[in-house]
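The residues making up each chain are set out below.
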Amino acid sequence: MHPVRVSIPSFRSENNLMEKGFTVFKIEVLMNGRQHTVEKRYREFHALHKMLKKSIKPPEIPSKHVRNWIPKVLEQRRQGLELYLQTIIMENVVLPKIFLDFLNIRHFPSVPKTESCGSFDTESMESSKLSHQPGLLFLRDPYLLPSAHDTFSNVVIEGVIHGVFYPDLQPR
């Protein structure tokens, strides 16, 4: 199952003096246990569809020309757009950046699953490369205590090493 789930639970009609009325669809996005809401007009779905066609084969999008003042027709469009988004998620292991942007999801470079864990096979150095960005960077071996002439010794590393390997030793 994909970590992204979407639904369109509701819609509302907007009337604007500058242009004729339109419908706004409320999209609920759930990713990694966090939920947020995005509101989009049909024209934004249509623009997404055109952009997606450049990189993937998206499913059919509900018809552009409907009588959007009839509640039953709007409900059918809501269901169709919800199915459209869900189908894109189900049919694509890696979601296109434009799709993630549409749903206001922060995206990160994706790595194929075969590279994500590395390998215990010592002959395969290629598979043992890290596939993520380092969260902490050490300029030298973090398991060695700082030298005596180091004016800025790393207190955290020193404390952890003393705590783990020398629990009875008092700090300097």
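On a predicted model such as this, the values are computed, not experimentally measured, just so you know. (Residues numbered from 1 in each chain as written. Predicted model: local features only at pLDDT ≥ 70, side-chain atom pairs only at ≥ 80, totals over all residues. Heavy atoms only, no water.)

Trainee: Whenever I open this one, helix H1 (residues 42-52) confuses me. Can you help?
Mentor: Because the α-helix completes a turn every 3.6 residues, residues three or four places apart line up on one side. Listing the buried residues of H1 in full gives Tyr42, Phe45, Leu48, His49 and Leu52. Buried residues of H1, viewed axially, fall in a sector of 115°; they line one side. Exposed residues pointing more than 90 degrees away from the buried face of H1 are listed as Arg43 and Lys50. Packed against the buried residues of H1 are strand E1 (4-14), strand E2 (22-31), strand E3 (34-41), helix H2 (71-91) and helix H3 (97-102). (Buried < 20%, exposed > 50% of the residue type's maximum accessible area, 1.4 Å probe, protein only. Helix = DSSP H or I, 4+ residues; strand = E, 2+ residues; numbered from the N terminus. Arc of directions from axis to C-beta. Contact = heavy atoms within 4.5 Å.)

Trainee: How do you make sense of the packing of aromatic side chains when you look at a structure like this?
Mentor: The geometry of an aromatic ring pair is captured by two quantities: the separation of the ring centres and the angle between the planes. In the structure shown here, the tally under the stated rule is three aromatic pairs. Relative to Phe45, the ring of Phe25 lies with its centre 6.2 Å away and its plane at 90°, an arrangement referred to as edge-to-face. Pair noted here: Phe25 is in strand E2 and Phe45 is in helix H1, with a separation of 20 residues, a long-range link. The residues Phe25 and Phe45 share a single accessibility class, namely buried. Measuring from ring centre to ring centre gives 5.1 Å for Phe45 and Phe102, while their planes differ by 65°; the resulting arrangement is edge-to-face. (Phe/Tyr/Trp six-rings, centres within 6.5 Å; stacked < 30°, edge-to-face > 60°.)

Trainee: Please explain the pairing of E2 as it appears in this structure.
Mentor: Here is the key point about a regular strand: its side chains alternate between the two faces of the sheet. When E1 meets E2, the two strands line up antiparallel, connected through nine bridges. In the sheet register, Phe11 faces E2, and the bridge partner there is Phe25. Where E2 lies against E3, eight bridges are found, and the strand directions are antiparallel. By the bridge assignment for E3, Glu28 is matched with Thr37. (Pairing = 2+ DSSP bridges.)

Trainee: In this structure, what is going on with the confidence of the model for the chain? I would like to understand it.
Mentor: On average, residues of the chain score 77 in pLDDT, and 65% of them reach the 70 mark or higher. When pLDDT is averaged over each element of the chain, H1 comes out on top at 95 and helix H4 (residues 155-165) at the bottom at 71. (pLDDT = per-residue confidence, 0-100.)

Trainee: Help me understand the environment of Glu39 in this model?
Mentor: Looking at where Glu39 falls in the secondary structure, it is placed in strand E3. Residues within four places of Glu39 in sequence aside, it is in contact with Arg12, Val24, Phe25, Lys26 and Glu44. A distance of 2.7 Å separates a polar atom in the side chain of Glu39 from a polar atom in the side chain of Arg12. (Polar contact = N/O pair within 3.5 Å; in protein donor to acceptor, adjacent residues only side chain to side chain.)

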